[in-house]
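Residues per chain are reported as follows:
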Amino acid sequence: MKRFASVGWAGTAGFLLCFLLCFLLCWQAPCVWAAAMRQPSALEYYRVERWGVQEDLPSTAVQSMAWSPSGHLVLGLHGDAMRFDGVSFHSLGLAPLVAERTQVRAIEIDRAGGLWLATLNRGLFHQVEGRLMQVGEAQGLFATNIADVCQSTDDHLWIGTTEGLWEASGLSLRKVDEGEVSRLSCALDGSVWVAPGTRGLWHLQGGKRRPFAAEAQVADDAAYSVLATAHDGVWVGTTEGALLHLVGNRVDRFGSQHGVPAARITALPADASPSA
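(A) The pairing of strand 17 (residues 223–228), seen in detail. The buried fraction of strand 17 is high, at six of six residues. Of the pairings in the sheet, the one linking strand 17 to strand 18 (residues 234–238) comprises five bridges and is antiparallel in character. By the bridge assignment for strand 18, Ala-228 is matched with Val-234. The turn linking strand 17 back onto strand 18 is made up of five residues, and Gly-233 within it adopts a positive phi angle of 75°.

(B) Geometry of the confidence of the model for the chain. A residue-level look at the chain finds 80% of positions with pLDDT of 70 or above and a mean pLDDT of 81. For the chain, helix 1 (residues 2–37) is the element with the lowest average pLDDT, namely 41, and strand 10 (residues 157–161) is the one with the highest, namely 97.

(C) Fine view of unusual backbone geometry. Within the chain, Asp-56 stands out as a residue other than glycine whose phi angle is a positive 75°. Among the residues examined, Asp-56 registers a relative accessible area of 60% and is labelled exposed. In this model, Glu-129 sits at a positive phi of 50°, which is unusual for a non-glycine residue. Mapped onto the elements, Glu-129 comes out in the loop between strand 7 (123–128) and strand 8 (131–135).

(D) Region of interest: the pattern of salt bridges. What the rule picks out here adds up to seven salt bridges. Across the pair Asp-155 and Arg-111 runs a salt bridge, and its minimum N-O distance is 2.9 Å. Placement of the pair is Asp-155 in the loop between strand 9 (146–151) and strand 10 and Arg-111 in the loop between strand 5 (104–109) and strand 6 (115–119), with a sequence separation of 44 residues. Taking the relative accessible area as the measure of exposure, Asp-155 reaches 46% and is therefore partly exposed. A salt bridge links Asp-252 to Arg-250; its shortest N-O distance comes to 3.2 Å. You can call Asp-252 partly exposed: its relative accessible area is 25%.

(E) Structural detail: the nonpolar core. Counting residues in hydrophobic clusters, the biggest one holds 15 residues, and the most contacted among them are Trp-193, Leu-201, Val-236 and Leu-246. Among the secondary structure elements, those contributing two or more residues to this core are strand 14 (192–195), strand 17, strand 18 and strand 19 (243–247). A per-element tally of this core places strand 17 first, with three residues. With residues near it in sequence (within four places) discarded, Trp-193 still touches Arg-183, Leu-184, Ser-185, Ala-187, Leu-201, Trp-202, His-203, Phe-212, Val-226, Ala-228 and Val-234.

(F) Broad picture of the sheet that holds strand 11 (residues 164–169). Pairing in this open sheet of four strands is antiparallel, and the strands run 9-10-11-12 from one edge to the other. The sheet is open, and its two borders are formed by strand 9 and strand 12 (172–177), each paired with just one other strand. Each strand axis lies, on average, 20° off the axis of its neighbour in the sheet, ignoring direction. Pairing analysis gives five bridges linking strand 9 to strand 10, with the strands arranged antiparallel. By the bridge assignment for strand 10, Asp-148 is matched with Gly-160.

Rules of the game
- Residues numbered from 1 in each chain as written.
- Predicted model: local features only at pLDDT ≥ 70, side-chain atom pairs only at ≥ 80, totals over all residues.
- Heavy atoms only, no water.
- Buried < 20%, exposed > 50% of the residue type's maximum accessible area, 1.4 Å probe, protein only.
- Helix = DSSP H or I, 4+ residues; strand = E, 2+ residues; numbered from the N terminus.
- Pairing = 2+ DSSP bridges.
- pLDDT = per-residue confidence, 0-100.
- Salt bridge = Lys/Arg side-chain N within 4 Å of Asp/Glu carboxyl O.
- Core = buried A, V, L, I, M, F, W, Y, C linked by side-chain atoms within 4.5 Å.
- Contact = heavy atoms within 4.5 Å.
- Axes fitted to C-alpha atoms, helices over the stretch in contact; angles between N-to-C directions.

The structure is reproduced here in structure tokens:
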């Protein structure tokens, strides 16, 4: 009887051990399966690098960016603008002409290779062949708070300021609208889209405001940034954190439920694709 009991206890222990192992394997299986099936996130395909003051970047408060024809990245900072070649930063010589906290709010590189720097409180600057000059009252620009600048397809330069909108053609510069401007976007059809920072959105053709199909649908939105794309309509960022997409008379709205941060959308840069 003792031997039978001993064998029975060993069988029971073995059964319990097998049951425990099966339970653990089954319990872990979803985790193992999930890990095997997990797709890598988009960022895992890229190498992320960070540059700061330790890499000789004078300020980490980057306000604007643009690619130069030479392939360099141009950065607008507080108090200066820098050219970055992928290794080191080089000043464009703006610092002696502006205050330390002056924001370089926008950068535009025209088709002639000239560089335009829009600053708050210090006006507009133009760099050609390494020479930096200020564009101001002597040229007919009676504004110092420059919010944005863009070049249209007819080579006219549009200058958005807190005091209104200006148009420059050759040596001629004129004020075309008294309204305050937050951001500009020059479209391929020669028109200009304007985000005033207040309610509504402007569409200018020939220097005059023109109605557009979805105008009534965005009349109550506080447009703060705008991007006119080549084939994908117009994107608008608002002060309330909504992202609007205008295609003809249709307006699609994206918010926090779509992953858009619930904060003011200050800029909408374009990539190599037609979309924002």
